[in-house]
Amino acid sequence: MADTKREIERKFEFTKASAARRGVPDLTGTAAIAAVCDQGTVDLDAVYYDTPDHRLAADGLTLRRRTGGADAGWHLKLPVSPGVRDEIAAPLGDTVPASLTALLRSRVRGTGLEPQVRLLSSRQVSHLLDAEGALLAELSTDTVRAERGKATAAWTEVEVELADGADPRLLDAVEKTFRKAGLRPSGAPSKLARALSETGAGDEAEAGAGAPSPAAADPGEGTAGAHVLAYLREQRDTLIAADPAVRRGLPDSVHRMRVATRRLRSTFKSYRKVLDRAVTDPIGEELRWLAGELGVDRDQEVLHERIQTRLDELPRTLLLGPARGRLRTWNNTRRSGSRRRALAALDSARYLALLDRLDAVLAEPPLRKAAGGRPERVLPKAVLRDFERLAGRVEGALAMEPGAERDLALHEARKAAKRARYAAEAATPALGKPVKRLAKAVKAVQSLLGDHQDSVVSREALRGLGVEASAAGEPSFTWGVLHAREEALAERSERELAGVWAKSSDPALRAALG
């Protein structure tokens, strides 16, 4: 069983030998630090694992097997933000625990994890306490020796790690004191990164990376193709980074991963003059499959939250029968197995093959003639094409009579809005403010269309809840009230859509793109 801890820390190194001889300054009186209590010295022996081409290190991840100290075992550290990492620990054993290898699957795939570096550290530990004796942070001074084959390196570093609930501003105060004493923030994000750098592993990895892609696969710096590929790489990286978060069940992780798949798929379609769709369409279909597998649990979660909110808004006089219990039973039944389905997809050979295909198409992209063109000539055409597609769907839907067919047409318009928005966002770094304004306008349209579709789905679910309640001999009145309210909300969304669309379809926005 793995345990998770959020680490908020800052690493420092001595700028001069004279400062190192003086040692770490006394932090008593810095910010809320009232006392510095020596905890003794401990010897640590850590072996760091990675792929031969150091994929984990390249993404800021570290996996180690460490003995010595109070937390001997396997530790996987995942970056959250600068200076913040999640450490996931598992019991000590001879092989990498399955709970940790699963979190690395999107990066490692079929490549094995092998020992790369051994770090031997002598750690002097002190506790930084406030006036009441509560722990604020742990101060560690590490004398490190790195061994990688015959290559070695040695250094001393100082680390301050906040205790749970401590004010992060403490680190700023400590840094100010340290700078005056000749210490500065470390230039390496981790011990592993420094060890690899100082033992020459980075140079070897670069030399062994293989020959560069053929010139024919390079669109050239500053071209339309270069901008599109940069956006696609960003989404690919987002998808891979979201994988361990989905496996851990972190909030919003499934949503982020699904959005990345949609952005990739939409960009392949929008920029078909840049990338050959004969190659990208099959990948797009696999992305659609992945989004579908991930979406079962997420869609139910969103739907349940919406209905629960509407139920909470009702006056007690309109709550007849065991409505809350009925909703809970309905939700548990529908969500049963949905998370297992998502995880099964992430563990499948099909998913890993999809990641490999994304890597391949980005390494040697199937470029078309327009890829070598200037961004300001190529990209606006794709953005405007998708915008005109959206215009046709919105205007066509609004011209229809209210009913199921109009609901379906508005749903199709929502899909077109997403594609137009993603196309505009992909082009924003190259085209600037005009396309950024267009993306913002389309996002407003997408939001209203999303509200409308959520209402459509909610009404279908509420009708089903009413039927279930009636069959069980419970009052169905409450579900009918909620159904009527959702109908009213959908009508309001449609009225607002007409006004928002009028602003979004301003000819000046289109003209600004040429």
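Asks: I keep staring at the overall build of the protein and nothing clicks. Help me out?
Replies: Secondary structure summary: the protein contains 17 helices and 9 strands in total. Projected onto the principal axes, the alpha-carbon positions of the protein cover approximately 80 × 65 × 45 Å. For the protein, restricting intrachain contacts to residue pairs at least 6 apart in sequence, the fraction spanning at least 24 positions comes to 73%. A total accessible area of about 24800 Å² is found for the protein, and carbon and sulfur atoms account for 51% of it. Within the protein, one finds 82 positive and 73 negative side-chain charges whose respective centroids are separated by 4 Å.

Asks: Before we go on, may I ask you to explain the pattern of salt bridges in this structure?
Replies: Pairing between side chains of opposite charge can happen when their charged atoms approach one another. Applying the stated rule across the entire model yields 55 salt bridges. Between Asp-142 and Lys-191 there is a salt bridge; the shortest N-O distance is 2.9 Å. Residue Asp-142 is found in strand S7 (residues 135-148), and its partner Lys-191 is found in helix H5 (residues 191-198); the two are separated by 49 residues along the sequence. The burial state of Asp-142 is the same as that of Lys-191; both residues are buried. Through salt bridges with shared partners, a single network forms among Glu-7, Glu-9, Lys-11, Arg-64, Lys-77, Arg-85, Glu-87, Arg-123, Asp-142, Glu-157, Glu-159 and Lys-191.

Asks: I tried to follow the pairing of strand S8 (residues 151-162) on my own but got confused; where do I start?
Replies: Two faces, one strand: in a regular strand the side chains alternate between the faces of the sheet. Where strand S1 (residues 3-14) and S8 come together, 5 bridges link them in antiparallel fashion. When the sheet's bridge partners are listed, Arg-10 is paired in S8 with Val-160. Both S7 and S8 contribute to a ladder of 12 bridges, which runs antiparallel. Along S8, the bridge assignment pairs Leu-139 with Val-160. Counting the residues between successive antiparallel strands, the hairpin from S7 to S8 contains 2 residues, one of them, Gly-149, with a positive phi of roughly 65°.

Asks: How should I be thinking about the pairing of strand S3 (residues 62-67) in this particular structure?
Replies: Relative to S3, strand S2 (residues 35-50) runs antiparallel, the two being bridged by 5 bridges. The residue bridging Val-47 from the neighbouring strand is Arg-65, located in S3. The antiparallel hairpin formed by S3 and strand S4 (residues 73-81) contains 5 residues in its connecting segment, where Gly-68 sits at a positive phi of about 95°.

Asks: Sorry, what's going on with helix H15 (residues 433-471) here?
Replies: Because each turn of an α-helix spans 3.6 residues, side chains separated by three or four positions in sequence point in the same direction. Spanning 39 residues, H15 covers 57 Å between terminal C-alpha atoms, matching the ideal 57 Å at 1.5 Å per step. Phi for Gly-473, located one or two positions after H15, is positive at around 80°.

Asks: Where do I start with the side chain of Ser-186 in this structure?
Replies: Inspection of the secondary structure puts Ser-186 in the loop between strand S9 (183-185) and H5. Here Ala-188 takes part through its backbone nitrogen, which lies 3.2 Å from a polar atom of the side chain of Ser-186. Setting aside its immediate chain neighbours within four residues, Ser-186 contacts Lys-11, Phe-12 and Glu-13.

Asks: Help me understand helix H8 (residues 253-270) in this model?
Replies: Relative to the 26 Å expected for 18 residues at 1.5 Å per residue, H8 spans 26 Å between its end C-alpha atoms, a close match to the ideal helical length. Along H8, 13 of the 18 residues are buried, which leaves the element largely enclosed by surrounding structure.

Asks: Looking at this model, I keep getting lost on unusual backbone geometry. Mind explaining?
Replies: Most of the time, phi is negative for any residue but glycine, and the peptide bond is trans. Phi at His-54 is positive, roughly 60°, even though this residue is not glycine. Structurally, the position occupied by His-54 is in the loop between S2 and helix H2 (55-58). Even without being glycine, Asp-252 reaches a positive phi, approximately 70°. Along the chain, the position of Asp-252 falls in the loop between helix H7 (224-248) and H8.

Asks: Explain the packing of helix H14 (residues 404-431) against H15 here, please?
Replies: If you want to describe how two helices pack, look at the angle between their axes and the distance between the axes. Between H14 and H15, whose axes approach to 8 Å, the crossing angle comes to 155°. In terms of axis orientation, H14 runs roughly antiparallel to H15. Pair H14 / H15 crosses with left-handed handedness. Of the residues assigned to the contact of H14 with H15, the class counts are 13 nonpolar, 6 polar and 9 charged.

What counts, and where the lines are drawn
Residues numbered from 1 in each chain as written. Predicted model: local features only at pLDDT ≥ 70, side-chain atom pairs only at ≥ 80, totals over all residues. Heavy atoms only, no water. Helix = DSSP H or I, 4+ residues; strand = E, 2+ residues; numbered from the N terminus. Contact = heavy atoms within 4.5 Å. Areas by Shrake-Rupley, 256 points an atom, 1.4 Å probe, with all protein chains shown as cover. Lys, Arg positive; Asp, Glu negative; His and termini not counted. Charge placed at Lys NZ, Arg CZ, Asp CG, Glu CD. Salt bridge = Lys/Arg side-chain N within 4 Å of Asp/Glu carboxyl O. Buried < 20%, exposed > 50% of the residue type's maximum accessible area, 1.4 Å probe, protein only. Pairing = 2+ DSSP bridges. Expected span 1.5 Å × (residues − 1). Polar contact = N/O pair within 3.5 Å; in protein donor to acceptor, adjacent residues only side chain to side chain. Axes fitted to C-alpha atoms, helices over the stretch in contact; angles between N-to-C directions. Parallel < 35°, antiparallel > 145°, perpendicular 65-115°, else oblique. Left-handed = near helix turned anticlockwise from the far one by under 90°. Nonpolar A, V, L, I, M, F, W, Y, C, P; charged D, E, K, R; others polar.

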